[in-house]
Amino acid sequence: MGSVVSCFRRLCVEEKKKEEERLLRANDRQFNLSYHYVNNAIRTSKYNIFTFLPLNLFEQFRRLANAYFLFLFFLQLIPQVSSLSWYTTAVPLVLVLSITAVKDATDDINRHKSDNQVNNRKVEVLIDGELRKEKWMNVQVGDIIRLENNQFVTADLLLLSSSEPLNLVYVETAELDGETNLKVKQALTVTGEMGDNIDELAAFDGEVRCEPPNNRLDKFKGTLTLKEQTYALDNDKVLLRGCTLRNTEWCFGLVIFGGPDTKLMQNSGKTTFKRTSIDHLMNVLVLCIFGFLAFMCSVMAIGNAIWEAREGSVFLAFLPYEAGVNATLSSFLSFWSYIIVLNTVVPISLYVSVEIIRLGNSFFIDWDRKMYYPKNDTPAQARTTTLNEELGQIKYIFSDKTGTLTQNIMTFNKCSINGQAYGDLYDFSGQRVEITEKTQKVDFSRNPLADPKFVFHDHSLQETMKEGNPEAEAFFRLLALCHTVMSEEKKEGELYYQAQSPDEGALVTAARNFGFVFRSRTPETITVMEMGRQVVYELVAVLDFNNVRKRMSVIVRSPQGKITLFCKGADTIIYERLHPSCDKLKKVTTGHLNEYAGDGLRTLVLAYKNLDEGYLEEWRQRHHEASTAMEGREERLDQLYEEIEKDMVLLGASAVEDKLQDGVPQTIEQLAKADIKIWVLTGDKQETAENIGYSCNMLREEMKDIFIVAANTAEGVKEELQNARRKMCPEGAEEPVVMRSRAGLFWLKKTETVQDEKVDGEYGLVINGHSLAFGLEKDLELELLRTACMCQTVICCRVTPLQKAQVVELVKKYKQAITLAIGDGANDVSMIKAAHIGVGISGQEGMQAVLSSDFSFAQFRYLQRLLLVHGRWSYLRMCKFLCYFFYKNFTFTFVHFWYAFFCGFSAQTVYDEWFITLYNLVYTSLPVLGLSIFDQDVNDRWSFQYPQLYSPGQQNMYFSKRAFVRCMMHSCYSSLILFFIPWAAMHDTVRDDGKDIADYQSFALLAQTCLLIVVNMQLCLDTHYWTAINQFFVWGSLAAYFAITFTMYSNGMFLIFTSAFPFIGTARNSLNQPNVWLTIFLTTLLCILPVVAFRFIFIQLRPTINDKVRHKVGKEALPAPAPRRPARRISTRRSGYAFSHSQGYGDLVTSRKFLLKRPLKRQVLFTQTDSPLAQNKPQHYRTIREEVEESQSL
């Protein structure tokens, strides 16, 4: 045994060593198998035919409630303990387990089908010098495979050669990142020369040394050694599994990672399972119920012992103890008997019902046509069905800016060239003229290559270009050359640009219309039409963008041999690298930048530098060495870029507008009225984000103060935060008040809560990324949190994706509040996953955010409907369901408790066993589901009119530990009435014919009939919104009860199953007596009347916001207030341009990797500023066809 363990350990150590670096050799399976690399088979299923039953049951019985009911079932098999038949627990348990097992089996069968379909796909593999068709699962690391057009990539491959010129291939990565635009990859020249020559490919014996398997989709580091030469490998030379080959006849690739090691499978790890606060509370309550159940059973056991000692001896003559049983053992057995009898305090159907309710409410979100966006044919989608009620409890919203609050559709509005500003219009007196749709546009018809959709109004810029102004020409020449845009020309003169970011597309299109048309590119050249003349520039190098550089540059050689570096980037970055001779121009340009900032525009500064041929050659040699280095590649390249990008000459600045989405200011105003705090976490510069904040109505002029935190040291940040906090709350304590407590199951989780502090008035906080990094440190995080939570609006600028997640985690940790994160890009994924609720917007930045989200839709304005309508209704319905469910089950169980005092604590049941079995499954299941799926206190229009209706959910007013205790007290009262009124009424009572009616079976029938009618009446009182389905469920359940009861108590059932149906004739003998029906009426009245009286008095003395609005609904028609249009704020604050590029795209251009896919048509910008929904106007349901026609007519 010891040798086996040691061998296993050795294998584990080897595995760990091996995976520090991967080494493989092409066409050498023996060599590669020695490293024990996995093959290409995948397995996403959880079970097989042998393991399904044990594993699935094991998973299900890990749930506390299922294990509890299994324990009860075994107790019922013990004759000395069980007072109920085994089927009363077995039938519900088997039903619940079966439903869950069928669902799990269906899901796993689908996984098996998917796995088999993928693993059995065929691909051509080069084996022993010939191509053979092999299944994907049999492909090994080191194999060379051949792919054809529209074929899925089999594994993670090193591209060797392709049918396309320059060894390019085009791949679609929708399954990896959700983006449908084509990506371009290119093989090394040394491998590309092999083409499709099978002999050369079979003789290829290159060795690849690379990183171990990981989940980084955007990075790959490795080297290829071939004939003693080493070549650098990066992500642009690798095809990842999950991609699809497009527009490429064939290609050959070398398998690097297979099956589970591929980046696709490495990224398919388990997503964090999110659970709602109600789920956590229910776990605690179920644990408390177990304790309460044990307490009740202990009381019953003690009662049994006392009764046996005092009264039991009288019955020993004709009811003797069984052998070996005495009073003490009888008491012990009665404890377990009552565990069985009173088990309904933890109903097994509760968990099934909760999932059905959540699923139903998710469908309402999917089907909501008021959240459908016809322009993109995008409906709202509930991607997770277990979080609906938490949408009604949101306290903090964390939002991205670009693409979430704004459209991420850029328009070139203004520019500054050599100190001259263009884009504004002025009248004869020098006053600025507002530009409207009627303002005359610049006519670009003389330019046959101009984009007809481009709009510009300042004619002076066109005149400047006609005059041949050299600075203006250099400005647009830079825009036409310094970019990573790809061009496609299907027809002569019809150009289609595909840009990595909307900013780039807007700038290149502007250059195109003003005479500098980017026509095409090859890996070595860029072709530009300059004022009608074709010029071909040699592309020497691209100095790529990254998050630290905040700029990009290109080095080009003109046909005359002149070498120029063109650079564009954020103003502060470019200004640091300008030649001192530009100081005067820099001052004028800075003034223009300030004006653009006031309009909330995204700015970009342009500069150039002429280079010497000799210096460039020496620099290129060092650049090649750095780009092929395995260690410190990025750092060495950054140093080279810094060296060459200095002493540049300023050309000017551009300004593009990122328009707000429709209805954003109104949505934010509505959410603020609902007491939801909104934090914007953006990568944009402070001034840009601040001005968008004003445009969005998050920052308002009427705010008492807006604090700016921009210090560059920890001490400075602390001082600024403290000064802001002291100004908002002068009497507040210096140290935060942190409440420490325990929560969770068994109270094992320690929680720390920072209490909210009262602030007089509204404040805003703007903090930049550097200051935020200090604020998130351990010793400053509480100070940051206190100050930020005192403000109504918080804007964090220049933040990284990691910082976004850290901010969300900070609020979750110390505020114990429900958070929601909303974004549209890959940089928002970490924030979306960190928040309690993640919302993705399907926008211009791909589908990464949507793929990671819990809910998704197309426009930010739909968020108010998601929260104020669907979220609030879901929370209200779930709380009503839980309160009612616990009420009806505690009432059902407490009647057993009172009956124990009359049956010698013998664990005899007060109801018929079949009634106990069917109570939760049949008689009361559908009415409560109808309540929980369809109920609403007020309709959606009133919910918008009074956003304050949302606040009870934030405060957990409808379901909490206190509400649970009230529910138990209500159940206790009802059970007293339900037991003692029928008992008193039936005591010594006779039938009309003088026969005795007070037998056990008649009393059981009366008690259970009273119970069912009372709980249904209680449900009617709780229902605010009646539908035909509700009515059918309530009356149908009562009808089903009487039908089943008369059937089960009939002579026929008794004759067929004598022992199972002993209540023969009880129904017809009891229910034909008037005093029985009078007793039912009296019991119902005494149970319901106090509830009605209490609610009436409570509404009169302490009405809630729901009571007030519901009272108003009955008296008034919903008003349609005029929309509030906030005035545009003009500021002199500087604005900064925020790149939306991805790092590495420049290298793709220079290494002959460019896109040829035609982009989608540019969408028409919104012409309607405020939607009826955003203005709270009454809305009318329209068909989707009508909405599409209306959008087209606009």
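Coordinates for the structure precede this section.
Only a predicted model underlies this, so the values are computations on that prediction, with no experimental measurement involved.

(A) Examining a negative patch on the surface more closely. On the surface, a cluster of negative charge is contributed by E715, E719, E777 and D779. Here D779 falls in the exposed class, since its relative accessible area comes to 62%.

(B) Representation of the sheet that holds strand 9 (residues 222–226) in the model. What the four strands build is an open sheet, ordered 1-8-9-10; its pairing is antiparallel. In the strand order of this sheet, the two ends are held by strand 1 (22–25) and strand 10 (229–233), each with one partner. Averaged over all pairs of adjacent strands, the angle between their axes in this sheet comes to 20°, without regard to strand direction.

(C) Spotlight on the sheet that holds strand 3 (residues 130–135). Spatially, six strands are ordered 3-2-4-13-5-11 in an open sheet, and the strand pairing comes out antiparallel. On the outer flanks of this sheet lie strand 3 and strand 11 (238–239), each paired with one strand and no other. Pairing of strand 2 (residues 122–127) with strand 3, which is carried by six bridges, proceeds in the antiparallel orientation. Within strand 3, the residue paired with E124 across the bridge is K133.

(D) Expanded view of the pattern of salt bridges. Here the structure, examined in full by the defined rule, presents 43 salt bridges. Between E538 and R557 there is a salt bridge; the shortest N-O distance is 2.7 Å. Here R557 lies in strand 25 (residues 551–557) and E538 lies in strand 24 (residues 533–543), a separation of 19 residues in the sequence. Classification of E538 as partly exposed rests on a relative accessible area of 31%. A residue is classified by how much of its surface remains accessible, and R557, at 14% relative accessible area, is buried.

(E) Structural context of the packing of helix 28 (residues 862–900) against helix 33 (residues 961–986). Where helix 28 contacts helix 33, the two axes come as close as 7 Å, and the packing angle between them is 45°. If you check the angle between helix 28 and helix 33, you find them oblique. The two elements helix 28 and helix 33 cross, and the hand of that crossing is right-handed. On helix 33, the residues that touch C883, F886, Y887, F890, T891, F894, V895, W898 and Y899 of helix 28 are F964, C967, M968, H970, S971, C972, S974, S975, L976, L978, F979 and F980. Taken together, the residues of the contact of helix 28 with helix 33 break down into 16 nonpolar, five polar and no charged.

(F) Up close: the nonpolar core. Of all hydrophobic cores here, the largest spans 99 residues; its most connected members are Y338, F881, L882, F886 and Y911. For this core, the element with the most residues is helix 28, which contributes 17 residues. Among all residues touching F881, those that are not within four sequence positions of it are L350, S353, V354, I357, V928 and S932.

(G) Local environment of the packing of aromatic side chains. If you walk through the whole model with that rule in mind, you get 61 aromatic pairs. When the centroid spacing of 5.7 Å and the interplanar angle of 75° are considered together, the rings of F897 and F901 count as edge-to-face. Residue class for F897 comes out buried when judged on its relative accessible area of 14%. The class of F901 is partly exposed, set by a relative accessible area of 46%. Ring centres of Y911 and F915 lie 5.4 Å apart, and the angle between their planes is 55°; this geometry places the pair in the tilted category. Judged by its relative accessible area of 1%, Y911 falls in the buried class. The buried category is assigned to F915, whose relative accessible area is 2%. Site record: aromatic cluster; members linked through ring pairs are F892, Y911, F915, Y919, Y923, Y1041, F1042 and W1077.

(H) Representation of the environment of E781 within the structure. Topologically, E781 is positioned in helix 24 (residues 781–790). Along the sequence, E781 and L810 sit 29 residues apart, while their C-alpha atoms lie 7.6 Å from each other. Those residues within four positions of E781 in sequence are excluded, and the remaining contacts are G775, L776, L810, K813 and Y814. At a separation of 3.0 Å, a polar atom in the side chain of E781 contacts the side chain of Y814.

(I) Region of interest: helix 29 (residues 913–923). Among the eleven residues of helix 29, eight are classified as buried, and the element is accordingly described as predominantly covered. Among all positions of helix 29, only W914, F915, I916, T917, L918, Y919, N920 and Y923 are buried.

(J) Structural detail: helix 34 (residues 1000–1022). Given a rise of 1.5 Å per residue, 23 residues ought to cover 33 Å, and the 33 Å separating the end C-alpha atoms of helix 34 matches this to within 8%. For helix 34, a buried count of 19 out of 23 residues is recorded, marking the element as mostly surrounded by other parts of the structure.

(K) Main features of a nonpolar patch on the surface. Judged by side-chain polarity, F74, L77 and W86 come together as a nonpolar surface patch covering roughly 340 Å² of accessible area. Mapped onto the elements of the fold, W86 is located in the loop between helix 4 (64–76) and helix 5 (87–119).

(L) Looking closely at the environment of R246. When you line up the elements, R246 lands in strand 12 (residues 244–246). Considered as a pair, R246 and E148 are 98 residues apart in the sequence and their alpha carbons are 8.7 Å apart.

(M) Quick peek at the state of the cysteines. Using the criterion set out here, one finds zero disulfides in the structure. Here C791 stays unpaired: no disulfide links it, and the sulfur of C789, its closest cysteine neighbor, is 8.8 Å away.

(N) Layout of the environment of P736. Structurally, P736 can be placed in the loop between helix 22 (714–728) and strand 31 (738–743). In this structure, the C-alpha to C-alpha distance between P736 and Q755, residues 19 residues apart in sequence, is 8.2 Å. Residues within four places of P736 in sequence aside, it is in contact with L782 and R786.

(O) Fine view of the pairing of strand 34 (residues 793–796). Neither face of strand 34 is left uncovered, since the one carrying T793 and I795 and the one carrying V794 and C796 both have all their residues buried. In terms of strand pairing, strand 29 (residues 677–681) meets strand 34 through four bridges, oriented parallel. Each residue of the ladder has a partner; that of I678, found in strand 34, is T793. Examined bridge by bridge, strand 33 (residues 763–767) and strand 34 share four bridges and lie parallel to one another. Note that in strand 34 the partner of I767 across the bridge is C796.

(P) Summary view of unusual backbone geometry. Located in the positive-phi region is N27, a residue other than glycine, with phi close to 60°. As for its position among the elements, N27 is in the loop between strand 1 and helix 2 (29–33). The exposure class of N27 is partly exposed, given its relative accessible area of 30%. Phi at K227 is positive, roughly 55°, even though this residue is not glycine. Among the secondary structure elements, K227 is positioned in the loop between strand 9 and strand 10.

(Q) Structural detail: the packing of helix 33 against helix 34. Helix 34 packs onto helix 33 with a crossing angle of 145° between their chain directions and a minimal axis gap of 10 Å. Regarding helix 33 and helix 34, the two cross each other, and that crossing is right-handed. Of the residues in helix 34, those touching helix 33 at H970, L978, F979, P982, W983 and M986 are S1002, F1003, L1006, C1010, L1011, V1014 and Q1018. A breakdown of the residues in the contact of helix 33 with helix 34 according to their chemical character gives ten nonpolar, three polar and no charged.

(R) Looking closely at the pairing of strand 9. Within strand 9, four of the five residues are buried, which leaves the element mostly enclosed by the surrounding structure. Bridge count for strand 8 (residues 207–210) against strand 9 is four bridges, and the pairing is antiparallel. Its bridge partner lying in strand 9, V208 is registered against L224. Strand direction decides the pairing type here: strand 9 and strand 10, joined by five bridges, are antiparallel. Bridging from a neighbouring strand, T223 pairs with A232 of strand 10. Connecting strand 9 to the antiparallel partner strand 10 that follows it, the hairpin turn spans two residues, and K227 within it adopts a positive phi of roughly 55°.

Definitions and cut-offs
- Residues numbered from 1 in each chain as written.
- Predicted model: local features only at pLDDT ≥ 70, side-chain atom pairs only at ≥ 80, totals over all residues.
- Heavy atoms only, no water.
- Patch = residues over 30% accessible without salt bridge, like charges linked within 9 Å, V, L, I, M, F, W, Y side chains within 5 Å.
- Areas by Shrake-Rupley, 256 points an atom, 1.4 Å probe, with all protein chains shown as cover.
- Salt bridge = Lys/Arg side-chain N within 4 Å of Asp/Glu carboxyl O.
- Lys, Arg positive; Asp, Glu negative; His and termini not counted.
- Charge placed at Lys NZ, Arg CZ, Asp CG, Glu CD.
- Buried < 20%, exposed > 50% of the residue type's maximum accessible area, 1.4 Å probe, protein only.
- Pairing = 2+ DSSP bridges.
- Helix = DSSP H or I, 4+ residues; strand = E, 2+ residues; numbered from the N terminus.
- Axes fitted to C-alpha atoms, helices over the stretch in contact; angles between N-to-C directions.
- Parallel < 35°, antiparallel > 145°, perpendicular 65-115°, else oblique.
- Left-handed = near helix turned anticlockwise from the far one by under 90°.
- Contact = heavy atoms within 4.5 Å.
- Nonpolar A, V, L, I, M, F, W, Y, C, P; charged D, E, K, R; others polar.
- Core = buried A, V, L, I, M, F, W, Y, C linked by side-chain atoms within 4.5 Å.
- Phe/Tyr/Trp six-rings, centres within 6.5 Å; stacked < 30°, edge-to-face > 60°.
- Polar contact = N/O pair within 3.5 Å; in protein donor to acceptor, adjacent residues only side chain to side chain.
- Expected span 1.5 Å × (residues − 1).
- Disulfide = S-S within 2.5 Å.

By themselves, these figures tell us nothing about what the structure is for.
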